[in-house]
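Each chain, written out:
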Amino acid sequence: MIIVTGASRGLGQAICHRLIEKGERIIGLARSVEELEFEGIICDVSDYQSVKKAARSVRKMGEKVDAIINTAGVASMNLAVTTNELTVQKLIQTNLVGTIYCCQLFAPILLRQKSGSFINFSTIAVALALKGESVYTASKAGVEAFSRSFAREMADFNVRVNCIAPGPIQTDLLRGITDTQIKKITSQQVIPKQFQKEDVCDLVEILLDQKASSLSGQILNIGGV
Amino acid sequence: MNINNAKKIVIEVIESSLDFKISVSDDMQLIGGESLLDSMKLVEVCIALEDVADENGFDFDWTSEMAMSKSRSMFRTVQSLAEEFLNQSESSL
């Protein structure tokens, strides 16, 4: 069984569909599960009690959990000086605090099994220090730092933690971003092209594979930096 | 549950995590330099206590701002951990 946060849209939804195709049992976590085409649990990752309740529900299912994939997130392309207070708080609370809540509250399930892995999500914008995304990248840089240290805390229990940092993937998060802006970002990657959801799903599959058992504490920038 | 039951549970769980090689006393330190438990064993103890709490119909929350404080942590000694375990069982009633 694999748990995916942010399962109702974007990358989370694509990952769920890919893993279901591969025969995995998926539990999608989302604020609304009515439109999910697979099993789901209502969960707002920015709310500690909500995540705790979801983790308890998963634990009570009594099934082995192979991975927790934290894709839930929000984006805001804005200069720091023009980002309002509410947006700053929402970005940090959902992207960083939400990822931490999901990792710490689902961790006991994997610790108990002494197996499994976490896949967190950052963005290539952190490594590229993209202008106009300072608060967003701050929240994701936090996810990267957390993932690296958390990986060390989990290693004794045979639990791996890695972080995928995609470039501009065509999802709702890219609403309002022009093709020219996307090109400007992708031109800074080692492989200067726009990758797709499928490429992210491929990388998720690789990280879940037993053959990736030597990988932990890594930040994998899609397209390279 | 009373404090003696809670202590018995905590001692059993700790002794089990140490493969019953050491007899555990009330004042045994659970964190700090003189502790017999490393961080991995401490997590194992917490997970085992969570399971016992589950069987007894309450949630054992082992997150705490003071978790690693030598002066205020619930993990100071067997006694302090048993007291916290008992408190959490009583507050669930």
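Cut-offs applied
- Residues numbered from 1 in each chain as written.
- Chains lettered and ligands numbered in written order.
- Predicted model: local features only at pLDDT ≥ 70, side-chain atom pairs only at ≥ 80, totals over all residues.
- Helix = DSSP H or I, 4+ residues; strand = E, 2+ residues; numbered from the N terminus.
- Rg over C-alpha atoms; globule rule 2.2 N^0.38 Å.
- Buried ≥ 20, exposed ≤ 12 C-beta atoms within 10 Å, placed from the backbone.
- Contact = placed C-beta atoms within 7 Å.
- pLDDT = per-residue confidence, 0-100.
- Core = buried A, V, L, I, M, F, W, Y, C linked by C-beta atoms within 7 Å.

Asker: Looking at this structure, I do not really get the overall build of chain A. What am I missing?
Answerer: For chain A, the helix and strand inventory stands at seven helices and seven strands. In sequence order, chain A lays out its α and β elements as β-α-β-β-α-β-α-β-α-α-β-α-α-β. For chain A, whose C-alpha radius of gyration is 17 Å, the value lies close to the compact-globule estimate of 17 Å for 225 residues. By the burial criterion, 46% of the 225 residues in chain A qualify as buried. Sequence separation of 24 or more characterises 68% of the internal contacts of chain A that already satisfy a separation of 6 or more.

Asker: What am I meant to see in the overall build of chain B here?
Answerer: Check the secondary structure of chain B and you find three helices and zero strands. In sequence order, the secondary structure elements of chain B are arranged as α-α-α. Taken over the C-alpha trace, chain B has a radius of gyration of 12 Å; the compact-globule value for 93 residues is 12 Å, and the two agree within 12%. Counting only C-alpha atoms and orienting by the principal axes, one finds that chain B spans roughly 35 × 30 × 20 Å. Per-residue burial over chain B gives 27% buried out of 93 residues. Within chain B, counting contacts between residues at least 6 apart in sequence, those at least 24 apart form 70% of the total.

Asker: What exactly am I supposed to notice about the confidence of the model for chain B here?
Answerer: Keep in mind that low pLDDT regions are not for reading the predicted coordinates in detail. Residues and elements named next belong to chain B. Across chain B, pLDDT averages 89, with 96% of residues at or above 70. Within chain B, no element has a lower average pLDDT than helix α2 (residues 39–55), which sits at 92, and none a higher one than helix α1 (residues 3–17), at 95. The ipTM value of the predicted complex is 0.80, and its pTM value is 0.92.

Asker: Please explain the nonpolar core as it appears in this structure.
Answerer: A general trend in soluble globular proteins is that nonpolar side chains are found buried together. Judged by nonpolar contacts, the single largest core of 88 residues is most densely connected at Ile3, Val4, Leu29, Ile69 and Phe106 of chain A together with Val10 of chain B. Ranked by residues supplied to this core, first place goes to helix α3 (residues 85–113) of chain A with twelve residues. For Ile69 of chain A, the residues in contact, after removing those within four places along its chain, are Ile2, Ile3, Val4, Ile15, Ile119 and Val204 of chain A.

Asker: Is there a simple way to explain the environment of Leu36 of chain A in this structure?
Answerer: Residue and element names in this part refer to chain A. The residue Leu36 is located in the loop between β2 (26–30) and β3 (40–42) in this model. On a C-alpha basis, the gap between Leu36 and Arg9 in space is 9.1 Å, while along the polypeptide they are 27 residues apart. Contacts of Leu36, omitting those with residues within four sequence positions, involve Ala7, Ser8, Gly28 and Ala30.

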